[in-house]
Amino acid sequence: MADFAAKAASSPVAATWRADLAAYRAVLASRIRAQRSYRASFTFDLISAGLITAVEFAEIWVLFHNVEVLGGLTLPAMMLVFGLAEMTFSIADLLVGHCDELPTYVRAGTLDVFYLRPQPVLAQLVTSNVGLRRIARVLGGLAIFSVGVVVSDVAWSVDKVALLLLVVPAATAIYASMFVTAAGLQFFLINGQEATNAFVYGGRYAASQPASVWPRSLLLVFGLAFPVVFTGYLPVLWLLDLPGPPWLPPWLAWACPLAAVWAWLLALGCWRWGTRHYQGAGG
Amino acid sequence: MTAHVSRARAAPVSVRPYWRLLVAGFRQQSAYLAAAIGGLVANVTFGFLKAAILSATVVAAGGELAGYDVGQMMAFVWLGQAMLGLINVYGRDVLGERVRSGDIAVDFLRPLNLQAAGLASFLGQRLFTLLPRGLPSFLVGALVTGLAMPTQVAPYLLGAVSVLIAMSLSYACVYVLNILGFWLVETRGLQVGYSVVAGFFCGLYVPVGIFPTWLQVLAHSTPFPSTMMTPINVLSGRVTGADALLVIGVQLAWLAVTLALGHLLTRAGRRHLEVQGG
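Computed from a predicted structure; not experimentally measured.

1. Focus: the overall build of chain A
- The number of helices and strands found in chain A is 13 helices and 0 strands.
- Starting at the N terminus and ending at the C terminus, chain A contains elements arranged as α-α-α-α-α-α-α-α-α-α-α-α-α.
- Sorting the 283 residues of chain A into buried and exposed places 53% on the buried side.
- Of the contacts made within chain A by residues no fewer than 6 positions apart, 77% connect residues no fewer than 24 positions apart.
- As displayed, chain A offers around 12,300 Å² of accessible surface, 70% of which is attributable to carbon and sulfur atoms.

2. Some points on the packing of aromatic side chains
- Enumeration according to the criterion identifies 20 aromatic pairs over all chains in this entry.
- Judged by centre distance (6.4 Å) and plane angle (45 degrees), the rings of A:Trp61 and B:Trp214 are tilted. Linking A:Trp61 in helix 3 (residues 39–66) with B:Trp214 in helix 11 (residues 213–220), this pair reaches from one chain into another.
- Cluster of aromatic residues (ring-pair linked, three or more members): A:Phe89, A:Tyr175, A:Phe179 and A:Tyr201.
- Directly above the aromatic system of A:Phe82 lies the positively charged group of A:Arg204, at a separation of 5.1 Å from the ring centroid.
- Over the face of the ring belonging to A:Trp247 we find A:Arg216, whose NZ or CZ atom lies 4.7 Å from the ring centre.

3. A short note on the nonpolar core
- Counting 154 residues, the largest nonpolar core has A:Trp214, A:Trp271, B:Phe200 and B:Phe211 as the members making the most contacts within it.
- Non-local contacts of A:Trp214, meaning those with residues more than four positions away in its chain, are made with A:Ala206, A:Gln209, A:Leu219, A:Phe222, A:Val229, B:Leu49 and B:Ala52.

Criteria and thresholds
Residues numbered from 1 in each chain as written. Chains lettered and ligands numbered in written order. Predicted model: local features only at pLDDT ≥ 70, side-chain atom pairs only at ≥ 80, totals over all residues. Heavy atoms only, no water. Helix = DSSP H or I, 4+ residues; strand = E, 2+ residues; numbered from the N terminus. Buried < 20%, exposed > 50% of the residue type's maximum accessible area, 1.4 Å probe, protein only. Contact = heavy atoms within 4.5 Å. Areas by Shrake-Rupley, 256 points an atom, 1.4 Å probe, with all protein chains shown as cover. Phe/Tyr/Trp six-rings, centres within 6.5 Å; stacked < 30°, edge-to-face > 60°. Lys NZ or Arg CZ within 6 Å of the ring centre and 35° of its normal. Core = buried A, V, L, I, M, F, W, Y, C linked by side-chain atoms within 4.5 Å.

Read these as geometric descriptors, not functional statements.
Shown next, in the form of structure tokens:
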């Protein structure tokens, strides 16, 4: 986004700015059309994506098959945590998840093409695809969240609705920043896709756990460095009027946007560091 | 035509090229040290998350859950993290890309069995991950959370055998998945589905032993528990003696089935394959 802003500032006239946006719009529209044109393949992708949500939820359900309460949360409360995390992660994945492909470009040397075009590299990478199939996971997360709302008897009030309206975009931003952080680190790791994937997807895994079971070290990683605790656990404490552990008071949920800003600063730092380090493949 | 050429050349069977592929695979991975260290960090972090939630579950269940106490559950967690690099849960393999691009025709020209060559280099690449990733994450886990391991020798010997079979089985499954690319234009959806089901049923997140009964039956009707859960059970001494031999026998049976399936699909795919150009 800093690249983006810098670019905007360097464009002398607003007309260029508009032309830039039109270019992105055209690219994105073509990506969406392309994915929908192979119907069978797209349907299969949708089913697979939906399966991810189902199985990830099954992992949690298996635990609650054995115990009633885990880390102070019951299954209905966990459905809220899971649904919120899954929904916001999947929106981020839909928008910027293809940053995962960066190592392929770096290794093959095709990233150089991105440098040649008159648009910021990050903006190009982000618009290089839209994972439309991930819509299945967004809907899956929403469905599980909705069922969670019904079975857990949330006592709705204005502040709870306001918090949700605040958390959904902020949590999405947190996940999106994690994809960008991972992409930035790829410039150094080259073959480390599995490693950074594990951070992004590990973060997602962490997000659907009751954070009260974590030791302090994990709290530092997933509460501070990659603040996924703001994307599910903390907001749900507030929604259900639960006390939470002493070191994670529910009112912290309101700091979700701050966490998002911090996560983006980290992401842009990593991205900038990575692109400066990149030497190109010659040619 | 390609089929004739390669079959004529493949006549003298020798193990040496496959051994060389295995060594090359091992050395290839050693070139990406940063990636290996990154992998270790991720492995350990993921392990701590698993350890936190699973030990909380055992405690919430009253200190014992389906035969697991906390120490045994930690052994499950860290053996699993050590094995994560050894098997391919994601289902993605270079083979699928080569089938899609048509480069597979070149592979068919080589005087090697495609399946055996792939397996050899897979074993080499993955065994390497034990050094920078597998063993260190196990050690870190053992030191930080503690874990209960058997004191006899037998579980370790049988466990080593079981791990090698699990690795081969994992490759054989991924091979089948990727070779389907001969018939399907786009295998990504299938691959994603595979990674989700394989990860869940192999015991990557929660032990298959704590599933409800019907789900355990479902899991055991797939080869996936044999790719990870079985070697963990054998190594941790949860399954011993004749039972251990039995589960290793099950692993071997799955390996035979998936290798044979891969072989048949390769033969059929070869006839199906049309590559343009001369």
